Number of protein chains: 6
Amino acid sequence: MQLQLCSWPEVEAYLARSRGIIFPIGSTEQHGPTGLIGTDAICAEVVAKGVGDATGALVGPTINVGMALHHLAFPGSVSLRPSTLIALIQDYVKPLARHGFERFYFINGHGGNVATMKAAFSEVYAAIADANLPNAAKVRCKIANWYQAQAVTALACELYGNQEGSHATPSEVALTQFVYPEAIKSATLSPTVAPAGRSIYNSADFREFYADGRMGSNPDLATPAHGKQFYELAVKDLSNGYLSFLQET
Amino acid sequence: MQLQLCSWPEVEAYLARSRGIIFPIGSTEQHGPTGLIGTDAICAEVVAKGVGDATGALVGPTINVGMALHHLAFPGSVSLRPSTLIALIQDYVKPLARHGFERFYFINGHGGNVATMKAAFSEVYAAIADANLPNAAKVRCKIANWYQAQAVTALACELYGNQEGSHATPSEVALTQFVYPEAIKSATLSPTVAPAGRSIYNSADFREFYADGRMGSNPDLATPAHGKQFYELAVKDLSNGYLSFLQET
Amino acid sequence: MQLQLCSWPEVEAYLARSRGIIFPIGSTEQHGPTGLIGTDAICAEVVAKGVGDATGALVGPTINVGMALHHLAFPGSVSLRPSTLIALIQDYVKPLARHGFERFYFINGHGGNVATMKAAFSEVYAAIADANLPNAAKVRCKIANWYQAQAVTALACELYGNQEGSHATPSEVALTQFVYPEAIKSATLSPTVAPAGRSIYNSADFREFYADGRMGSNPDLATPAHGKQFYELAVKDLSNGYLSFLQET
Amino acid sequence: MQLQLCSWPEVEAYLARSRGIIFPIGSTEQHGPTGLIGTDAICAEVVAKGVGDATGALVGPTINVGMALHHLAFPGSVSLRPSTLIALIQDYVKPLARHGFERFYFINGHGGNVATMKAAFSEVYAAIADANLPNAAKVRCKIANWYQAQAVTALACELYGNQEGSHATPSEVALTQFVYPEAIKSATLSPTVAPAGRSIYNSADFREFYADGRMGSNPDLATPAHGKQFYELAVKDLSNGYLSFLQET
Amino acid sequence: MQLQLCSWPEVEAYLARSRGIIFPIGSTEQHGPTGLIGTDAICAEVVAKGVGDATGALVGPTINVGMALHHLAFPGSVSLRPSTLIALIQDYVKPLARHGFERFYFINGHGGNVATMKAAFSEVYAAIADANLPNAAKVRCKIANWYQAQAVTALACELYGNQEGSHATPSEVALTQFVYPEAIKSATLSPTVAPAGRSIYNSADFREFYADGRMGSNPDLATPAHGKQFYELAVKDLSNGYLSFLQET
Amino acid sequence: MQLQLCSWPEVEAYLARSRGIIFPIGSTEQHGPTGLIGTDAICAEVVAKGVGDATGALVGPTINVGMALHHLAFPGSVSLRPSTLIALIQDYVKPLARHGFERFYFINGHGGNVATMKAAFSEVYAAIADANLPNAAKVRCKIANWYQAQAVTALACELYGNQEGSHATPSEVALTQFVYPEAIKSATLSPTVAPAGRSIYNSADFREFYADGRMGSNPDLATPAHGKQFYELAVKDLSNGYLSFLQET
């Protein structure tokens, strides 16, 4: 059940039976020579819709641009500053909390979002307490990373071993291939497995070390069929995660 | 050509031939008893993709949540504060301008966005001048409202006369029906044509006067076939608009 | 009745009979080789005082600097960033709403203010709702552009035809001549009628195309006597506008 | 020479001979039962114009609303938050510094502005350094309080002794009477001399102790003739101050 | 070598031999019935000084208040909002980067700081790039949590097993006992081992579940002698971490 | 009684007998060739602890970095921007006011903090009123400068006459020598007494005139024994100040 495809009376009816809502959050950033710039948003969105279908949850529109300042040295990458993303999350949560939503589940496709989202949740709680929302103490936000679902990492390990890497990974590329088979790219990856292990600092520094944008990965291993497997595992795992989150007392 | 489906080398190659990029911007807000909450984002996105196809332009991901504070008394509506949207636009434009983009064309589906977007453009120009971007003086942003394309308003007038109204209009509802025929809603609209003519102030006030969320419209007149017509007219008109914008000296 | 010339007990007494207040808002920006930098503030202020006299309204002090970032390439021009103007309007409205004011009528002399002011009003409503002001739902803000009053544009059309233009117009120059006859400037305008029709982007770009600052206008046509006519028409029209605004339910 | 009454070429010519500019800054706040709400802005403005006449300085438009949060419990009082005033001052100074102005002299009428203005100056210097303005190291801002000019305080002491007080003082009331004799108020002041000596905290607290808004003063002692004397002394003193400021190396 | 105990010429001399600086960051928040409110700041500070002694690094003053919004339901707890902490870190790093510092090592005592600090680092890099600092691309920030040093967690596991918990842990309490033996508290802990496993949301919710403030811990197991062991292990581990950070290319 | 060395139940108990809290605020900035960079924080902290001991007041952790933007041209100096410091003070005061604290006494060691702190107090009062804290009207903040205590300035005058100066003064250096005798520096001061009398503007300008960082002072006159005298006088004076502040009605 997608928020964008509901009317407001349908949302009103939904609120009579549930206080939960899911938002996919991705990023718009380089994913190496063959990965899609929208990889993280595409993955988060498709998983979130799957979880919505599986659990009956309302799924809000995708936050397409996340916190990817460290990727900005590659053309086409876009990013919110952390302070902007914090303001944005506050703007998403506050009105919905006024409507009665109390459990906000952000399905995330980008590691770079995690820190800022956690900071944002803290700032949200403080802001709705300051605004004296009647249900302020009941509002809870959680971030769930599809790529860290246990079954997902197990499959990635089995399929790719140490060529999974940590950015422009074959697992995320596979998932985008499953969703957009028409957008599969090919390019010569050199080296086949990207360098790894260097900490991430600013964007200039990032590009100097990770010259083609990948981190430790060999995305050539990805196939759409793998993507389907990742999709199903992620949906199953995060559906359980969402239902547990709803049931928390 | 969608940014989200490109790799970064493809963007680099695109920049060798064009400095333009399109971003759809919509809203996530009530559209009456039968209109979709995502109406404005859906319409902006489909038109933008059409314009991208027609002109070869790069189309960025949709800004799904816009400035809709006046709709927040209806459940499911979400809004950025103007100050947040201004920060967001700055975060979108600044890195892309660093990559070499200079013409930013925002295809808009929501009247409530216009004022803040214009304010944002001014703030963007000042920010990139302060940051001494080498191409700061060349960066231009424009907002194009699909629903105000001349051919679109002419058709709406012909089809719906004074039942077009100004919010939850049959023309925008028709366009969403064309895109998502599976999400067509039905409900008894009472009165058939919504009240009109009252200025918009805060959200509580809005709901008091516009009780079901519509403004002056009768969305029951919409059909998917109309939607197709609106789509084609809007794409044609805004494609011309985009190309003119690129060619401005 | 000017706020600046009242004592606080007089304001308290005023509030017993009216909830309305008027603020003139102008700009401090170039107006071509002969127009005054303060044109927009001067016009807004004199019209607002006239409206105050005609309607018994309380008139606050003039907001002399507005949103004129696009004029900053001309010396002597000053501008608030949109985000600053939004904060400022919030600071003006919030305490007065606490005192009991509920209708804020901004008489505006500068087209560049309109977008940001509309954005500001939305942000104000959200801020006073967050602060739980008891009368938050009753607060309404409106912007009224003196130069767009119907009778004003009709007279400008009659007097100047297509030499009115859109910046440093003879109508606004005439109004300043009426108010400050001692500050009438003369200079050779070349071309007599300034170029027009180019969209406004950043300030460097603005000056490149609109080299002497005028847009499509021939301010040499202005006379103080015209200014008196404009003044009277604007006061009459905006007085009606203010009274209607007060009477809205 | 008032900025608002200049054309931009006149400002350009002025910059060829001087780098200085004066801005009056006042406040819009209660001044007891008989003082004008605009007292601080009126005084700052008239003195600034006098200084401009005496020294040939360019005088910008008055900042009518200052930092008066502690007065907000009295109807009609308005205030910028300090953070807003800091942003505003940055917006005033930055473009003018780009035009070539380097000495910003703020003639102030309100004690409550001083702390925030000093904070603002620091923030301005940092902002223009961050923006790499070529003359960043040369920009200097100074605040000059007319009511603390030595000759002014001496006259106030002579005329009013310990009934001068510190808010709604007879000296400032006298100056407004000189400027606006038509707006002289009368009311029974009780007690004749207001209480004094209590520190200022929040606005509710302020009103509790300073019940009619005055602090230690007896404004009934004011006369327009005194006002003329204060005016002349303040203009003389601050003219010297401005000229010294210009001549500082 | 403590920054606070240096003169500026000593810092200048230091910069000739090193580009690194360490800042301890803690928190001011409840640590259960017996833990010190300053626990996280005390621990970070003592470890940082130890690392400074061991490595010759310059150690800046402690950031005593961190991001602890979730603890605010307990009296005496203080917290920066994430957006404030992000601004603060920017203010610390930017001037020091201008002086030539390029490696900023934050020794951290509080898990709640991590997310916001990572967000802050990203925002810092963007800000110094916008300000065009000559060494912008070389600036790197890292956060190092003393309590997660491998040897520290190993010892905690050995000494306390599953009574270590995750807030008001015996290991951190032990370290404060080593530093401030005069401030060892005693109180009856009930239950002996605090509840655990519940996610952290807002502060009201936190206190409801974690009634005395502890999370899964039994701080009664702490002794000053343990504290000394933790101190030594942490200093050794983070000294190595700092030196590696300096040597990164 | 130091907050950092209390448990939260101890703070709860303290609140049953007192509503007051003290925060030392200093700065991290150059103090000439021989003064410590931490001088202002060290002095504020030691005096605050002394006042805490003398009065039984709770003393919070030191704000080590203040508003010292004008010192940033000297290596090792750090500063918050005024807007950051305002946000920080709001974050300190708001939660403590929720816990019941109502008198916030900031013992200050740095003249550059005063203006921003006063601005911050105003912004705090407005913020807690907006958040509708039940005790909002009772919250009071005060700043007390140890170096301006009457007995302190009298002793400085007696000991140093006109070699006290206004930055890197022998009195503050003496106090740091008393606290940290192991960190006494020596260097040839040239000239012996630093230049004075020039207003402070931006940091580049500051360093140009005050070449070694001192202002009008001869810190060579300082001795640890003097420092002890200053300490005792400051503690006595500010203890009285704090107690008076608590007793204000």
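You'll find the structure just up there.
Before going into details, it helps to say that this report is about the structure given with it. Keep in mind the model is a prediction, meaning the values are calculated, not measured.

Okay, the overall build of chain A next. Within chain A, the regular secondary structure consists of eight helices and four strands. The helix and strand sequence of chain A, counted from the amino end, reads α-β-α-β-α-β-α-β-α-α-α-α. For chain A, the C-alpha radius of gyration of 18 Å lies close to 18 Å, the compact-globule estimate for 249 residues. Once the C-alpha set of chain A is aligned to its principal axes, its extents read approximately 55 × 35 × 30 Å. Buried residues in chain A amount to 67% of all 249 residues. Of the roughly 7900 Å² of accessible surface on chain A, a fraction of 52% belongs to carbon and sulfur atoms. Charged side chains of chain A number 17 positive and 21 negative; the gap between the two group centres comes to 6 Å.

Here we come to the relation of the copies chain B and chain A. The two copies are related by a screw motion: chain B maps onto chain A through a turn of 180° and a shift of 0.0 Å along the axis, at an RMSD of 0.0 Å. Both copies are brought into coincidence by an operation consistent with a two-fold rotation axis. Proximity to the rotation axis, assessed at the C-alpha, singles out T84(B) in chain B; its C-alpha lies 3.3 Å from the axis. Residue by residue, 100% of the interface of chain B is reproduced at the interface of chain A, so both copies engage with the same surface.

Each partner contributes residues to the interface: chain B has 50 residues there, and chain A has 50 residues. In this assembly, chain B packs against chain A so that about 3900 Å² is buried in total across both faces, 61% of it on carbon and sulfur atoms. On inspection of chain B and its partner chain A, the count reaches four salt bridges. With a shortest N-O distance of 2.7 Å, K185(B) and E10(A) are connected by a salt bridge. Inspection of the region where chain B meets chain A yields 26 residue pairs in polar contact (both at pLDDT 80 or more). Counting residues per element, the ones that place at least two in the side of chain B that touches chain A are α1 (8-15), α2 (39-55) and α3 (82-99) of chain B. Take the side of chain B that touches chain A: its biggest share by element is nine residues, from α3(B).

On to the packing of helix α4 (residues 111-130) of chain A against helix α4 (residues 111-130) of chain E, then. Contact geometry of α4(A) with α4(E) gives a least axis separation of 8 Å together with a crossing angle of 120°. In terms of orientation, α4(A) and α4(E) fall into the oblique class. Judged by the twist between their axes, the crossing of α4(A) over α4(E) is left-handed. Residue-level contacts link A115(A), T116(A), K118(A) and A119(A) of α4(A) to A115(E), T116(E), K118(E) and A119(E) of α4(E). A class-by-class count of the residues in the contact of α4(A) with α4(E) yields four nonpolar, two polar and two charged.

What follows is about the side chain of R103(A). All names here are of chain A. Relative to the assigned elements, R103 resides in strand β3 (residues 103-108). Despite its burial, R103 remains without a salt bridge, the nearest opposite charge being carried by E248 at 4.5 Å. In terms of polar contacts, R103 uses its side chain to reach the backbone carbonyl oxygen of F245, at 2.7 Å. Not counting residues up to four positions away in its chain, the partners in contact with R103 are R19, G20, I21, K138, R140, F245, L246, Q247 and E248.

A few words on helix α1 (residues 8-15) of chain C. Within α1(C), burial applies to W8(C), V11(C), Y14(C) and L15(C). Mapping the buried residues of α1(C) onto a view down its axis gives an arc of 110°, with all of them on the same face. For α1(C), the elements touching its buried residues are β1 (20-25), β2 (58-59), α3 (82-99) and α8 (224-247) of chain C together with α7 (203-209) of chain D.

Turning our attention to the sheet that holds strand β4 (residues 140-145) of chain E. Through backbone hydrogen bonds, the strands of a sheet pair up, either in parallel or in antiparallel fashion. All names here are of chain E. The strand order across the open sheet formed by four strands is β2-β1-β3-β4, and the pairing between neighbours is parallel. Where the open sheet ends on each side, the last strands, each with one partner, are β2 (58-59) and β4. Sheet topology note: the strand β1 (residues 20-25)/β2 ladder contains two bridges and is parallel. In the strand pairing of β2, I22 is matched with V59.

Rules of the game
Residues numbered from 1 in each chain as written. Chains lettered and ligands numbered in written order. Predicted model: local features only at pLDDT ≥ 70, side-chain atom pairs only at ≥ 80, totals over all residues. Heavy atoms only, no water. Helix = DSSP H or I, 4+ residues; strand = E, 2+ residues; numbered from the N terminus. Rg over C-alpha atoms; globule rule 2.2 N^0.38 Å. Buried < 20%, exposed > 50% of the residue type's maximum accessible area, 1.4 Å probe, protein only. Areas by Shrake-Rupley, 256 points an atom, 1.4 Å probe, with all protein chains shown as cover. Lys, Arg positive; Asp, Glu negative; His and termini not counted. Charge placed at Lys NZ, Arg CZ, Asp CG, Glu CD. Least-squares fit on C-alpha atoms with pLDDT ≥ 70 in both. Contact = heavy atoms within 4.5 Å. Buried area = accessible area lost by both parts, 1.4 Å probe. Salt bridge = Lys/Arg side-chain N within 4 Å of Asp/Glu carboxyl O. Polar contact = N/O pair within 3.5 Å; in protein donor to acceptor, adjacent residues only side chain to side chain. Axes fitted to C-alpha atoms, helices over the stretch in contact; angles between N-to-C directions. Parallel < 35°, antiparallel > 145°, perpendicular 65-115°, else oblique. Left-handed = near helix turned anticlockwise from the far one by under 90°. Nonpolar A, V, L, I, M, F, W, Y, C, P; charged D, E, K, R; others polar. Arc of directions from axis to C-beta. Pairing = 2+ DSSP bridges.

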